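Okay, here's what each chain looks like letter by letter:
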Amino acid sequence: MENQKRRYWVYLFPAVMDMAVVSLGFFATVRAISLGGGPVLLGMIGTAWGLGYSLTSLLLTRLAHAERSVFFMQLSAVGFILVAIAMALARSVSFLVILSWWSGFWCSFFFVGFQLSMASLASLSTDISVAAYNFSWSVGFALGSLAEGVLLSHYPSVAVSPAVIGSLGILAGLWLVQRSRVKEPSDSAGGKSEGQRATRRSFVLIGWIGLATVAFIGSGFRYLLPEIAVRRFSLSSSTTGNFFFLFFLLQSVVGLFLHRLSRWQYRFHHHLGATFLGLTGCWLAFSLQGKTGLLAFVIFMGIYSGYGFYYGVLYSLKSSLSARDISINEVLVGVTGVVGPLFLAAALKKATASFFLACALLVLTAFLLQFSAWLKKAEGSVKKGMKEE
């Protein structure tokens with residue numbers, strides 16, 4: 001790895017792609033509100049995205065391979081350009097729902113492909129790759145939200161421009177990577193650590209539970225925040241974009257911080273601390289209500305979300321079945337993206353406070369499941385030690 005040129009710039013790819021994802025999602029929800037769509041219809045936009053993403057990721061569990069990763073990303077970029085153009089022309093909520101499904105479909109190809117090849121593309125170790133990846137895609141969400149909050153006041157063709165320009169940039173960047181890799185050894189940075197990958201399946205399960213939980217909450221938050229902020233609290237679209245920006249910025253920084261605590265990777269106690277932060281955010285949002293409560297929720301849940309995504313990807317990439325486990329990660333993201341917006345939309349329809357209570361219930365349930373998985377691992381270790389004696 002030391003003899004290879006490190007390409008940190010390839011982590012611009014997930015940042016740019018998530019700028020496209022969040023900009024189209026934000027555009028679709030605000031557009032749907034202007035067309036008369038309520039919380040349930042807004043939830044359906046998020047559900048359609050999750051359905052397209054999960055079904056495609058499920059298919060890719062059998063097709064995913066590092067050799068196909070670049071093609072997957074190229075295909076995704078072309079598909080996103082077409083979806084963005086169609087969204088700019090959309091004049092009904094039902095059409096936006098259909099296009100959201102296609103957005104999830106193409107998105108899956110990109111993120112499965114990138115995760116499988118990112119260590120090789122950048123010539124970095126798995127730990128650093130996951131930290132950089134978490135930082136990158138989260139920053140993409142943050143910047144996309146901030147930019148879209150401003151662009152929404154312009155024509156639809158301008159509002160969807162981040163998706164079009166970003167996808168063209170990804171295609172150009174992939175061409176540069178392929179061209180430069182021709183002169184480099186085929187051996188990748190990630191290949192050297194293959195024999196050192198952790199096989200602790202209980203922690204892979206713990207990571208999946210955490211990832212599914214933050215994806216569940218995040219998908220609902222992403223599609224329902226405009227309803228809470230704009231319609232319920234009478235905040236502007238630019239302020240809503242700022243909340244999105246803060247949420248994903250915190251999520252991105254957490255991954256870089258956790259990379260420094262590598263000695264804790266396979267210890268359970270820190271998952272309890274993350275749960276406490278998540279529950280605190282929900283409690284403050286429920287208690288304070290209004291702009292202040294929403295800000296508290298954004299801060300604490302942003303940190304909790306970054307935690308869940310980091311360990312979900314890390315445990316899967318370090319497993320002995322990384323290609324399959326990474327695809328399962330994306331299936332979980334997609335499935336929770338189907339259920340999350342509808343579940344949280346139903347809670348929000350009852351009352352704003354019900355939305356925050358539902359999020360707290362999800363965080364607590366996730367911890368209990370993680371604790372159960374860890375206890376089974378501990379019991380298995382004790383039984384193994386007794387047999388050896």
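Residues numbered from 1 in each chain as written. Predicted model: local features only at pLDDT ≥ 70, side-chain atom pairs only at ≥ 80, totals over all residues. Heavy atoms only, no water.

Enquirer: Give me the lowdown on the nonpolar core, citing residues and values where you can.
Expert: Among the nonpolar cores identified, the biggest contains 118 residues, and Phe114, Leu294, Phe297 and Phe355 are the most heavily contacted of them. Among the elements that take part in this core, helix α8 (residues 201-232) stands out by supplying 16 residues, more than any other. When neighbours within four sequence positions are excluded, Phe297 is seen to be in contact with Ile217, Phe221, Gly281, Cys282, Ala285, Gly302, Phe355, Phe356 and Cys359. (Core = buried A, V, L, I, M, F, W, Y, C linked by side-chain atoms within 4.5 Å. Buried < 20%, exposed > 50% of the residue type's maximum accessible area, 1.4 Å probe, protein only. Helix = DSSP H or I, 4+ residues; strand = E, 2+ residues; numbered from the N terminus. Contact = heavy atoms within 4.5 Å.)

Enquirer: Give me the lowdown on the packing of aromatic side chains, citing residues and values where you can.
Expert: Enumeration over the complete set of coordinates arrives at 34 aromatic pairs. Arranged with centres 5.0 Å apart and planes meeting at 85°, the rings of Trp101 and Trp102 form a pair that is edge-to-face. Judged by relative accessible area, which is 25%, Trp101 ranks as partly exposed. A centroid spacing of 5.0 Å and a plane angle of 85° characterise the contact between Phe247 and Phe248, whose relative ring orientation is edge-to-face. Accessibility classification places Phe247 together with Phe248 in one group, the buried group. Chaining the aromatic ring pairs together yields one cluster made of Phe26, Phe221, Phe244, Phe247, Phe248, Phe297, Phe355 and Phe356. (Phe/Tyr/Trp six-rings, centres within 6.5 Å; stacked < 30°, edge-to-face > 60°.)

Enquirer: Can you explain the packing of helix α2 (residues 39-63) against α8? Please cite residues and give values.
Expert: One way to put it is that α2 packs onto α8 with a least axis distance of 8 Å and a crossing angle of 160°. Judged by the inter-axis angle, α2 sits roughly antiparallel to α8. The two elements α2 and α8 cross, and the hand of that crossing is right-handed. Where α2 approaches α8, its residues Pro39, Leu42, Gly43, Ile45, Gly46 and Trp49 are matched on the opposing element by Arg222, Tyr223, Leu224, Glu227, Arg231 and Arg232. For the contact of α2 with α8, the residue count by class is six nonpolar, two polar and four charged. (Axes fitted to C-alpha atoms, helices over the stretch in contact; angles between N-to-C directions. Parallel < 35°, antiparallel > 145°, perpendicular 65-115°, else oblique. Left-handed = near helix turned anticlockwise from the far one by under 90°. Nonpolar A, V, L, I, M, F, W, Y, C, P; charged D, E, K, R; others polar.)

Enquirer: Break down the environment of Arg62 for me, citing the residues and quoting the values.
Expert: Following the sequence through the fold, Arg62 ends up in helix α2. In this structure Arg62 comes out as exposed when scored by relative accessible area, which is 77%.

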